[in-house]
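Geometric and topological summary
Here are the chains, one letter per residue:
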Amino acid sequence: MREADAPSADGGSKQTGVASPAARGRSSRPQGRALPLTAFALVGLATLVFGAAQASAIVVHVRGHTLSYQPTRKVALQREGQVQAQTRIRGGSGSPKSGPLEYHGGPVMSSNTNYAFYWDPAGAPEYPAGYETGIDRYFEDLAHDSGGPQNTDSILAQYYDKAGEHANYDSHFAGALIDTDPYPANGCSAAPEGDVCLTDEQLRTEIRKYVEANKLPTDLAHEYFMLTPPGVESCYEAAGHSCSDGTKHAVYCAYHSFITVGKAVIVYANDPYVAGIKPECDFGEEHPNASPSDATIAGGLAHEHSESVTDPEINAWLDSREEEVADKCRTFKATEYGEQLGETTGTIGEKPGKVKYNEIINTRLYLYQQMWSNEAGECMQRVAVPPTVKKIAPKSGSTAGGTSVTITGTHFTSTSTVKF
């Protein structure tokens, strides 16, 4: 773990020069813990843009800075096609198995306290109704169920670092941060005319300035999720070859990285607005909470959160194809969600309808991708917990069979089989 330069207090939801969450109608629940992250891979930016021979573009260098991105559907499918083509050239067939995640020596987050960072200047594009509330609620729900086996965060605890720290499901929500600083002049030009276009360097500069000005934590136990509204896009660099969905050079849905500050570190993620940008990031368009926040959670936020916890400095856990814990399960196929738990009334795109859900977190319903489990050797929605039988009724029946039996217990699944 790194030694923090700034205080590790988790209480400051109301920050200097920023509207408080309460004033904006948000909930704020200061708490304090964090989750570990891991990953390792260094490839050139040209690999990402042009699909060079190795087709490894999950982790990239930008001006000497390393970040890990979640590709758009189109880029992901192109990448998979390149891998299959290379396999055929080498005399193989299909897509080679990437194998388990391997440890490369970096740290994980043994606990994670999350901040929702809204860059919201006066007169700038606005966040849609319910968006901020939905994002904040997701972080609160993760914190509420912290330590349990109910969702994908429980899978992350199997990953560890060389100090023996595990990426525990030890999650907290420190509140919403409202940054009212004006946007700088566009650093890139790939966004539609009239939209804001910011580079990764501009985002990093603003996050660091805000964190330092408000004496917020800079360590491997806290993460800052930059959440921009529709009409605000981003690119890795000014050249604008690799940008957020919604631009003419759409490559990523979201990404995570870190900023070195002396002996400390600021872990952050960039989660641009993706609702309705189909089918690249808002894959499936099924929103159980009937909120545009569902698209951000499924389209990038849950993905980057898990990868930050297991790979905060992008040098810990990845497989032979340079994919992290979430990359291995982001397939843009219906199977990436695993087994659905049921249906609820939500929205499909912007229209009301019956939609699936595969996670119940603090009694609320969510739909987002599975995460990779080395222990199970497959993608999972949650840690498998053995069933417990508490009661069987009736205790006897006819030898001819046909008697209905009720078994009462815990941790059953819809596909359980019972043999007498």
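Throughout what follows, the structure given in this document is the object of discussion. (Residues numbered from 1 in each chain as written. Predicted model: local features only at pLDDT ≥ 70, side-chain atom pairs only at ≥ 80, totals over all residues. Heavy atoms only, no water.)

1. Details of the overall build of the protein chain
Helix and strand counts for the protein chain come out as 5 helices and 21 strands. Across the 420 residues that make up the protein chain, the buried fraction comes to 55%. A separation threshold of at least 6 residues defines the contact pool for the protein chain, and within that pool the share at least 24 residues apart is 73%. Carbon and sulfur atoms make up 52% of the accessible area of the protein chain, which totals about 17,600 Å². (Helix = DSSP H or I, 4+ residues; strand = E, 2+ residues; numbered from the N terminus. Buried < 20%, exposed > 50% of the residue type's maximum accessible area, 1.4 Å probe, protein only. Contact = heavy atoms within 4.5 Å. Areas by Shrake-Rupley, 256 points an atom, 1.4 Å probe, with all protein chains shown as cover.)

2. Some words on the state of the cysteines
Any covalent bond linking the sulfur atoms of two cysteines counts as a disulfide. According to the stated counting rule, one finds 4 disulfides in the structure shown. Between the sulfur atoms of C235 and its disulfide partner C243 the distance amounts to 2.1 Å. Linking C235 and C243, the disulfide has an S-S dihedral of approximately 100 degrees and is accordingly described as right-handed. You can call C235 buried: its relative accessible area is 0%. Sequence-ordered numbering of the bonded cysteines in the protein chain gives a disulfide pattern of 1-2, 3-4, 5-6, 7-8. (Disulfide = S-S within 2.5 Å.)

3. Describing a nonpolar patch on the surface
Residues V389, I392, V405, V418 and F420 make up a contiguous nonpolar surface patch of about 490 Å² in total accessible area. Inspection of the secondary structure puts F420 in the segment after β21 (406–410). (Patch = residues over 30% accessible without salt bridge, like charges linked within 9 Å, V, L, I, M, F, W, Y side chains within 5 Å. Salt bridge = Lys/Arg side-chain N within 4 Å of Asp/Glu carboxyl O.)

4. A closer look at the pattern of salt bridges
Two side chains carrying opposite charge are able to pair once their charged atoms lie near each other. Enumeration over the complete set of coordinates arrives at 12 salt bridges. Across the salt bridge formed by E323 and R79, the nearest N and O atoms sit 2.7 Å from each other. Placement of E323 in the loop between β13 (317–318) and β14 (342–348) and of R79 in helix α2 (residues 73–89) is noted, with a sequence separation of 244 residues between them. Where R321 meets E80, a salt bridge forms, and the shortest distance between an N and an O atom there is 2.8 Å. Of this pair, R321 sits in the loop between β13 and β14 while E80 sits in helix α2, placing them 241 residues apart in sequence. Given a relative accessible area of 25%, E80 falls into the partly exposed group.

5. Quick notes on the nonpolar core
Generally speaking, a soluble globular protein has its nonpolar side chains buried in company with each other. The biggest cluster of nonpolar side chains holds 30 residues, and the ones touching the most others in it are Y69, I207, Y224, Y236 and Y255. Residue contacts for Y255: discarding those within four places in its chain leaves L67, S68, Y69, D200, L203, Y236, Y268, A269, N270 and E304. Membership of the second largest hydrophobic core comes to 28 residues, among which are F139, F173, C253 and C281. (Core = buried A, V, L, I, M, F, W, Y, C linked by side-chain atoms within 4.5 Å.)

6. A few points about the sheet that holds strand β15 (residues 351–357)
Ordered by their spatial adjacency, 3 strands build an open sheet running β12-β14-β15, and the pairing between neighbours is antiparallel. The outermost strands of the open sheet, each flanked by one partner alone, are β12 (286–287) and β15. Judged from the 7 bridges that link them, β14 and β15 form a sheet pairing that is antiparallel. Across the sheet, residue E343 finds its bridge partner in β15, namely K356. (Pairing = 2+ DSSP bridges.)

7. Description of the environment of A298
Relative to the helices and strands, A298 is located in helix α5 (residues 293–310). A residue is classified by how much of its surface remains accessible, and A298, at 16% relative accessible area, is buried. For A298 and C281, which are 17 residues apart along the polypeptide, the C-alpha to C-alpha distance reads 8.2 Å. With sequence-adjacent residues up to four places away left out, A298 is seen in contact with R330, L367 and Y368.

8. Observations regarding the packing of aromatic side chains
Evaluation of the coordinates by the stated rule reveals 21 aromatic pairs. Their ring planes at 50 degrees and their centres at 5.9 Å tell us that Y138 and F139 sit as a pair that is tilted. Judged by relative accessible area, which is 0%, Y138 ranks as buried. The exposure class of F139 is buried, given its relative accessible area of 0%. Ring-pair connections join several aromatic residues into one group, and the members of that group are Y138, F139, F173, F225, Y366 and Y368. Here the basic side chain of K328 rests over the ring of W372, its NZ or CZ set 4.4 Å away from the ring centre. The positively charged end of R330 is found above the aromatic ring belonging to F332, 4.2 Å away from the centroid. (Phe/Tyr/Trp six-rings, centres within 6.5 Å; stacked < 30°, edge-to-face > 60°. Lys NZ or Arg CZ within 6 Å of the ring centre and 35° of its normal.)

9. Looking at helix α3 (residues 131–144)
Between the first and last C-alpha of α3 there are 20 Å, a value that for 14 residues agrees with the 20 Å anticipated at 1.5 Å per step. Buried within α3 are the following residues: Y131, E132, G134, I135, D136, Y138, F139, E140, D141, L142 and A143. Buried residues along α3 sit in contact with β4 (112–119), β5 (171–179), β7 (222–227), α5, β16 (359–361) and β17 (364–366). (Expected span 1.5 Å × (residues − 1).)

10. Some thoughts on the packing of α3 against α5
Where α3 contacts α5, the two axes come as close as 10 Å, and the packing angle between them is 40 degrees. Relative to α5, α3 is oriented oblique. When you trace α3 past α5, the crossing you get is right-handed. In this structure, α3 uses Y131, G134, I135, Y138, F139 and L142 to contact α5, whose residues at the interface are S293, T296, I297, L301, A302 and H305. (Axes fitted to C-alpha atoms, helices over the stretch in contact; angles between N-to-C directions. Parallel < 35°, antiparallel > 145°, perpendicular 65-115°, else oblique. Left-handed = near helix turned anticlockwise from the far one by under 90°.)

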